[in-house]
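# Close look at the chain arrangement
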Amino acid sequence: MTEEVLPATFADLVPYVAEWSLEMERDRAVKRVSTDIDELRRFHDALSPRMEAIIEYLNTFPNDPEALPGPAKRLFNLARMAMEASAPIDLGWSTPDIEDVFPMDRIGFARLPAGNMIAKSVR
Amino acid sequence: MDQLETKFLGHNAGLNTRIDVRSLLSAENYAVEREKIFRRSWLAIAHTDDVPKRGSFFVFEMPTLNASLLVVRGQDDKIRVFHNACRHRGNKLEREAGCTRAFSCNFHGWVFSTEGELKLITDEHQFETIDKAKYGLVPVTSEVWENFIFVNLDERPRETLAEWLGEEFYGRYNNGYFDLHENVSTYSFVLNCNWHLGVNSFTEGYHTRFLHRNTARDYQGGKANRERHRPYMELTKRHHRYSAPANADHQILPMEAVAVKYGRKILPAFDTDYSMLPSGVNPGKFENWAFDVCSFYPNFVFITGNHFRAEMTFWPIDEGRTLFINRAYNYKTKNLGERLSRDYFRSRARDVVREDLNTLEAQQQIIMSGALPHIILSKQELALQHHYAVTDRMLAAA
């Protein structure tokens, strides 16, 4: 039997998983600033009414994202993206990023845990 | 209308409001700064939880003094910093991070212990007699304060770390505050600006009402403090600390309300239960407090909040380029919902930081063009005045 994409209660959100369920912070940040605002709003409008239910559901699992079963993990990453995507909508921006700002693609997202933080050698 | 006035403390003497920044940004001056400032300072490079287990290590490449530093927690649980160099011919022992029982050089197989002792020279009889005790890893002077690892690359450090940090900081954070948090994100990249400008951009709150009007419109100030004056500003011999005023009337956005319900307030909203804070945090015991911004001269700026903190370090590569490392720390979570809550505030803070960074390369270009005879600083930019006064003092020292 193949695994569900998302837990059954959230089956209506499955269409968003492929594009929006992103595990890495960098991918979520880049996704937010590079997606058309209307697309972002559609995603936000689908997720935000479900966020409390999602959190209540996820809070029944142990506090270890690495150990989550597949459906719950995808739901967790989808919810992470919803958190990332919400500010432009809630703040009423007409663009997904601030107009004149340090570009997201110049931000270097280092891999965690902190013990693996690497400052690249620059000469 | 009420306007809160700042309570100033400390070393206000010898400050200038007009600074000829351009002369500091030259290549000639930078060469002097490397030796008279960076080599003579205690520099914060890491945290003890970056090397959590016996044998944990990581490499920090410091561009400023061209140093490759190996930070390692020994089998004896002691944290040491060495030059990341095999004593044979100077190959780097390690490149990244990990956990090991011993360091083995991939060039000719020499082995060093995690305490720095030379344990094995391969094909040893092909060398004249070597006293291994004299060829251990070259140590770098280091000390731990709370959970920070500092190094000093001076041949003979002029002060202990306690003396360098001063009593206004040294014993003021000793209730385990730093251990309440864990690293949630680290950003590391190169800015095309001088390190002075980088430090300046994070050490005043005057800009917040303007620069952050789109990302965090009402997080500071409020009705009784429209100008967002810092309630508290303290200058020590080299360092500074000020408190940022929270806006009690901050409007919570819809998703923000979800994040607040399932976690703790971070930026742009702030929690008013200060019971976990040590004496060094919110030292003015200000009621509507957001966070403190502190700096350890020369290049380490850190924000201490309730349930969060952030660090910004500026490592000069040359007079016009700086390696910027920003670490974000948040409270340790008890469930997945709190992780999602943290994510929300993280994304808001990241945008604010990007706005701060955005002015830097513009300032660099304008100042280097020679357009401005000097910059001019207000009382709310006292930390900048202090930064330049300390710089002058260190450059003037023999």
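Residues numbered from 1 in each chain as written. Chains lettered and ligands numbered in written order. Predicted model: local features only at pLDDT ≥ 70, side-chain atom pairs only at ≥ 80, totals over all residues.

### Brief notes about the overall build of chain B
Scanning chain B from terminus to terminus reveals 9 helices and 20 strands. For the C-alpha atoms alone, the extent of chain B along its principal axes is close to 85 × 55 × 35 Å. Residues counted as buried form 48% of the 398 residues belonging to chain B. Here the contacts in chain B between residues at least 6 apart in sequence split such that 67% fall between residues at least 24 apart. (Helix = DSSP H or I, 4+ residues; strand = E, 2+ residues; numbered from the N terminus. Buried ≥ 20, exposed ≤ 12 C-beta atoms within 10 Å, placed from the backbone. Contact = placed C-beta atoms within 7 Å.)

### A closer look at the overall build of chain A
If you tally the helices and strands in chain A, you get 5 helices and 0 strands. For chain A, the succession of helices and strands along the chain, N to C, is α-α-α-α-α. Residues counted as buried form 34% of the 123 residues belonging to chain A. Within chain A, contacts between residues separated by at least 24 positions form 76% of all contacts whose residues are at least 6 apart in sequence.

### Quick look at the packing of helix α3 (residues 37-47) of chain A against helix α5 (residues 70-90) of chain A
All names here are of chain A. Contact geometry of α3 with α5 gives a least axis separation of 9 Å together with a crossing angle of 120°. The orientation of α3 relative to α5 falls into the category oblique. As for the relative orientation of α3 and α5, their crossing is left-handed in sense. On α5, the residues touching Ile-37, Leu-40, Arg-41, Phe-43, His-44 and Leu-47 of α3 are Ala-82, Ala-85, Ser-86, Pro-88 and Ile-89. For the contact of α3 with α5, the class distribution of residues is 8 nonpolar, 2 polar and 1 charged. (Axes fitted to C-alpha atoms, helices over the stretch in contact; angles between N-to-C directions. Parallel < 35°, antiparallel > 145°, perpendicular 65-115°, else oblique. Left-handed = near helix turned anticlockwise from the far one by under 90°. Nonpolar A, V, L, I, M, F, W, Y, C, P; charged D, E, K, R; others polar.)

### Structural notes on the domain arrangement of chain B
All names here are of chain B. Domain boundaries assigned for chain B yield domain 1 (7-40 + 180-396) and domain 2 (42-157). Spacing between the C-alpha centres of domain 1 and domain 2 amounts to 32 Å. Each partner contributes to the interface: domain 1 provides 11 residues, whereas domain 2 provides 8 residues. Going through the elements one at a time, α2 (27-38) and β18 (308-318) are the ones with two or more residues in the side of domain 1 that touches domain 2. Of the residues forming the side of domain 1 that touches domain 2, the biggest block, 4 residues, is contributed by β18. Among the residues making up the side of domain 1 that touches domain 2, the classes are represented as 7 nonpolar, 1 polar and 3 charged. (Domains from an automatic or database assignment.)

### Regarding the interface of chain B and chain A
Contact residues are listed per partner, giving 48 residues for chain B and 39 residues for chain A. For the side of chain B that touches chain A, a count of residues per class yields 22 nonpolar, 13 polar and 13 charged.

### Considering the nonpolar core
In terms of nonpolar packing, the biggest core is built from 122 residues, with Leu-75, Ala-79 and Ala-82 of chain A together with Leu-69, Leu-70 and Val-71 of chain B touching the most fellow members. The leading source of residues in this core is α5 of chain A, at 10 residues. Taken domain by domain, the makeup of this core includes at least three residues from each of domain 1 (7-40 + 180-396) and domain 2 (42-157) of chain B. The contacts of Leu-75 of chain A, once residues within four sequence positions are left out, are Leu-6, Pro-7, Phe-10, Ile-54 and Leu-58 of chain A. (Core = buried A, V, L, I, M, F, W, Y, C linked by C-beta atoms within 7 Å.)

### Let's talk about the sheet that holds strand β19 (residues 321-331) of chain B
All names here are of chain B. In spatial order, the strands read β1-β14-β15-β16-β17-β18-β19-β13; together these 8 strands make up an open sheet with mixed pairing. Each having just a single partner strand, β1 (7-10) and β13 (181-191) make up the two edges of the open sheet. The mean angle between the axes of side-by-side strands here comes to 15°, regardless of whether they run parallel or antiparallel. With 10 bridges joining them, β18 and β19 adopt antiparallel strand pairing. Looking at β19, one finds that Phe-314 is bridged to Phe-324. (Pairing = 2+ DSSP bridges.)

### Structural notes on α2 of chain B
Residues and elements named next belong to chain B. Taken residue by residue, α2 has Tyr-30, Glu-33, Ile-37 and Phe-38 as its buried positions. For α2, the buried positions fall inside an angular range of 70° around the axis, keeping them on one side. Opposite the buried face of α2, at more than 90 degrees from it, the exposed residues are Glu-28, Ala-31 and Glu-35. At its buried positions, α2 is contacted by β3 (42-47), β18 and α9 (382-396). (Arc of directions from axis to C-beta.)

### Structural notes on helix α4 (residues 51-58) of chain A
Residues and elements named next belong to chain A. Taken together, the buried positions of α4 are occupied by Met-51, Ile-54, Ile-55 and Leu-58. Along the long axis of α4, the arc covered by the buried residues comes to 95°, so they all point the same way. Away from the buried face of α4 by more than 90 degrees, exposed residues Ala-53 and Glu-56 are located.

### A look at unusual backbone geometry
Residue and element names in this part refer to chain B. Between Leu-267 and the following residue, Pro-268, the backbone shows a cis peptide bond with an omega angle of 20°. Inspection of the secondary structure puts Pro-268 in the loop between α6 (254-262) and β16 (289-296). The backbone of Asn-282 shows a phi angle near 50°, a positive value even though the residue is not glycine. With respect to the secondary-structure elements, Asn-282 resides in the loop between α6 and β16.

### What about the sheet that holds β3 of chain B?
Residues and elements named next belong to chain B. Read across the sheet, 7 strands follow the order β3-β12-β11-β6-β5-β4-β7 without closing on themselves; strand pairing throughout is antiparallel. Looking at strand neighbours, the two that pair on one side only are β3 and β7 (97-99), the edges of this open sheet. Direction aside, the axes of adjacent strands within the sheet are offset by 30° on average. Pairing between strand β4 (residues 56-62) and strand β5 (residues 67-73): 6 bridges, direction antiparallel. Looking at the pairing, Phe-57 lines up with Val-72 of β5.

### Details of the environment of Arg-80 of chain A
Along the chain, the position of Arg-80 of chain A falls in helix α5. For Arg-80 of chain A, a count of 26 C-beta atoms within 10 Å translates into the label buried. Placed 60 residues apart in sequence, Arg-80 of chain A and Trp-20 of chain A show a C-alpha to C-alpha distance of 9.3 Å. Beyond its immediate sequence surroundings of up to four residues, Arg-80 of chain A is in contact with Arg-28 of chain A together with Leu-340 and Asp-343 of chain B.

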